[in-house]
Amino acid sequence: GENVEQHPSTLSVQEGDSAVIKCTYSDSASNYFPWYKQELGKRPQLIIDIRSNVGEKKDQRIAVTLNKTAKHFSLHITETQPEDSAVYFCAASSHRDDKIIFGKGTRLHILP
Amino acid sequence: DAGITQSPRYKITETGRQVTLMCHQTWSHSYMFWYRQDLGHGLRLIYYSAAADITDKGEVPDGYVVSRSKTENFPLTLESATRSQTSVYFCATVAGPSYNEQFFGPGTRLTVL
């Protein structure tokens with residue numbers, strides 16, 4: 001089955017700097033890669049996603065890149081702000097079995 | 001999102017007792033999922049369902065039972081609760097195979113003493 005690895009587990013960046021979180025997946029049939037943000041005590045919420053027919057997608061300060069050959073995808077947050085502090089999860093899914101498998105999460109701290 | 005609810009939100013039980021966590025959605029989405037969230041493990045899939053009367057195992061199904069007699073409900077039962085099942089449980093839905101975005105419920109915090 002699919003296995004998703006996520007790094008780093010914890011990341012601290014200065015406010016205004018960029019943050020990058022990386023994930024790898026194992027199943028070459030995976031074709032959908034969402035990223036979720038979870039604030040303390042809240043439910044995970046989708047912030048951006050990318051499908052396998054696209055190499056990069058951007059939404060304001062957030063961008064995701066996908067390298068299908070290497071089976072890895074990354075989340076980029078630019079001009080970080082205090083409200084970006086949260087746990088971020090990557091995930092992978094394929095139409096073969098419709099399961100969505102998550103990475104273990106990255107706790108992002110934005111330092112003042 | 002208001003369209004998916006979980007009950008109870010908090011539950012304390014004892015080892016060996018049966019516990020059922022409820023999940024209800026108002027959208028009539030095809031797919032429903034149960035995850036558990038533990039520190040250091042992220043979100044792990046327990047069971048999922050593609051439609052009423054269709055369920056499949058996820059990554060960590062042992063000790064859990066699910067059913068889906070109606071599209072809008074997806075209860076998760078711990079038949080004999082163990083301390084290792086202390087966790088936060090999230091239910092989620094997806095509209096269908098072409099609609100991948102998952103919407104999560106508010107979660108249930110379960111403590112097994």
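Above this text is the structure in question.
Every value quoted in this text rests on a predicted model; they were computed, and no experiment measured them.

Caption draft 1: Highlighting the sheet that holds strand β6 (residues 56–59) of chain A. Residues and elements named next belong to chain A. Strands sit in the order β1-β3-β8-β7-β6 across an open sheet of five strands; the sheet is antiparallel. The strands lining the two open edges of the sheet, one partner per strand, are β1 (4–7) and β6. Looking at each pair of strands side by side, their axes are set apart by 15° on average, direction ignored. With four bridges joining them, β1 and strand β3 (residues 19–25) adopt antiparallel strand pairing. Pairing of Glu-5 across the sheet is with Thr-24, part of β3.

Caption draft 2: View of the pairing of strand β3 (residues 19–25) of chain B. Residue and element names in this part refer to chain B. The alternating pattern of β3 places Val-19, Leu-21, Cys-23 and Gln-25 on a buried face, while none of Thr-20, Met-22 and His-24, on the opposite face, is buried. Of the strand pairs in this sheet, strand β1 (residues 4–7) and β3 are connected by four bridges, and their pairing is antiparallel. Across the sheet, residue Thr-5 finds its bridge partner in β3, namely His-24. Note that β3 and strand β8 (residues 76–78) share three bridges and pair antiparallel. By the bridge assignment, Thr-20 is partnered in β8 with Thr-77.

Caption draft 3: A look at the nonpolar core. In terms of nonpolar packing, the biggest core is built from 41 residues, with Trp35(A), Phe102(A) and Tyr35(B) touching the most fellow members. Counting residues per element, this core draws most heavily on strand β9 (residues 86–93) of chain A, which supplies seven residues. Other than its neighbours up to four places away in sequence, Phe102(A) contacts Val4(A), Tyr36(A), Phe89(A), Cys90(A), Ala91(A), Tyr35(B), Leu43(B), Gln102(B) and Phe104(B). Core analysis: the next-biggest nonpolar cluster, separate from the first, contains 18 residues, Val19(B), Phe74(B), Ala81(B) and Tyr89(B) among them.

Caption draft 4: Highlighting the state of the cysteines. Residue and element names in this part refer to chain A. Summed over all chains, the structure comprises two disulfides over all chains. The residue that forms a disulfide with Cys-23 is Cys-90, at a sulfur-sulfur distance of 1.9 Å. On the sign convention where negative means left-handed, the S-S torsion of about -100° between Cys-23 and Cys-90 marks this disulfide as left-handed. Here Cys-90 lies in strand β9 and Cys-23 lies in strand β3, a separation of 67 residues in the sequence. For Cys-23, a relative accessible area of 1% gives the class buried.

Conventions adopted
Residues numbered from 1 in each chain as written. Chains lettered and ligands numbered in written order. Predicted model: local features only at pLDDT ≥ 70, side-chain atom pairs only at ≥ 80, totals over all residues. Heavy atoms only, no water. Pairing = 2+ DSSP bridges. Helix = DSSP H or I, 4+ residues; strand = E, 2+ residues; numbered from the N terminus. Axes fitted to C-alpha atoms, helices over the stretch in contact; angles between N-to-C directions. Buried < 20%, exposed > 50% of the residue type's maximum accessible area, 1.4 Å probe, protein only. Core = buried A, V, L, I, M, F, W, Y, C linked by side-chain atoms within 4.5 Å. Contact = heavy atoms within 4.5 Å. Disulfide = S-S within 2.5 Å.

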